[in-house]
Amino acid sequence: MIIVLTSIIAIVVIVFILGVRPKDLPAPEPVSPFAHLDERKAAIYENLRDLQFEYRVGKLSDHDYQQTKQDLQKELAGVMAEVDRIKGELGVVAQVQTVKAKRPNTCPHCQASFDKPLKFCGECGKPMKAATA
Ligand SMILES: [Zn+2]
């Protein structure tokens, strides 16, 4: 009984590994190196908005507001610098433009390409403006 159980588990594990790997490995992460930076940028903007709101409502002191705002702006500048650095390193701008020219249904955010025009990217869900432009 134990042997049967063990071999069933072994088979299941093997099937799982063989079945999942080839499908999942090629495209688990979108190719875009900016995805996480874009997210951080969006988060910082959101924090700035919240901060401004709380300040206007009177929840924050002048000093706290200025301090937090400065911190957020510093972080934002860091993210922007990181984006520029990666762009420079990879020459992504040129790359993206060739990809766009070659494949009209390529997502401008994650570079996933599709056979037909889509309103929203099937990979990252962002609007595919490049497809209609
Ligand atoms: Zn996408």
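Residues numbered from 1 in each chain as written. Predicted model: local features only at pLDDT ≥ 70, side-chain atom pairs only at ≥ 80, totals over all residues. Heavy atoms only, no water.

Caption draft 1: View of the coordination of the zinc ion. Around the zinc ion, the donor atoms from the protein are Cys-107 (SG), Cys-110 (SG), Cys-121 (SG) and Cys-124 (SG), and they sit 2.2 to 2.4 Å away. Taken together, the four donor atoms coordinating the zinc ion span angles of 106 to 113 degrees at the metal, a pattern that classifies the geometry as tetrahedral. The sequence pattern describing where the donors of the zinc ion fall on their chain is C-x2-C-x10-C-x2-C. In this structure Cys-107 comes out as buried when scored by relative accessible area, which is 0%. The class for Cys-110 is buried, based on a relative accessible area of 3%. (Donors = N, O, S within 2.8 Å, 3.2 Å for Na, K, Ca; no water. Tetrahedral: all angles 85-135°; square planar, octahedral: opposite > 155°, others 65-115°. Buried < 20%, exposed > 50% of the residue type's maximum accessible area, 1.4 Å probe, protein only.)

Caption draft 2: Structural view of the pattern of salt bridges. Within this structure, the stated rule accounts for two salt bridges. Put simply, Arg-85 and Glu-82 hold a salt bridge, and the shortest N to O gap is 3.0 Å. Remark: Glu-82 and Arg-85 occur in helix 3 (residues 62–90); sequence separation between them is three residues, near one turn of the helix. Residue classification places Arg-85 among the partly exposed residues on the basis of a relative accessible area of 42%. We classify Glu-82 as partly exposed; its relative accessible area is 29%. A salt bridge links Arg-85 to Glu-89, with the shortest nitrogen-to-oxygen separation between them at 2.7 Å. Of this pair, Arg-85 and Glu-89 both sit in helix 3, four residues apart, which is roughly one turn of the helix. Assessed through its relative accessible area of 57%, Glu-89 is described here as exposed. Each member of the salt-bridge network shares a partner with another, and the members are Glu-82, Arg-85 and Glu-89. (Salt bridge = Lys/Arg side-chain N within 4 Å of Asp/Glu carboxyl O. Helix = DSSP H or I, 4+ residues; strand = E, 2+ residues; numbered from the N terminus.)

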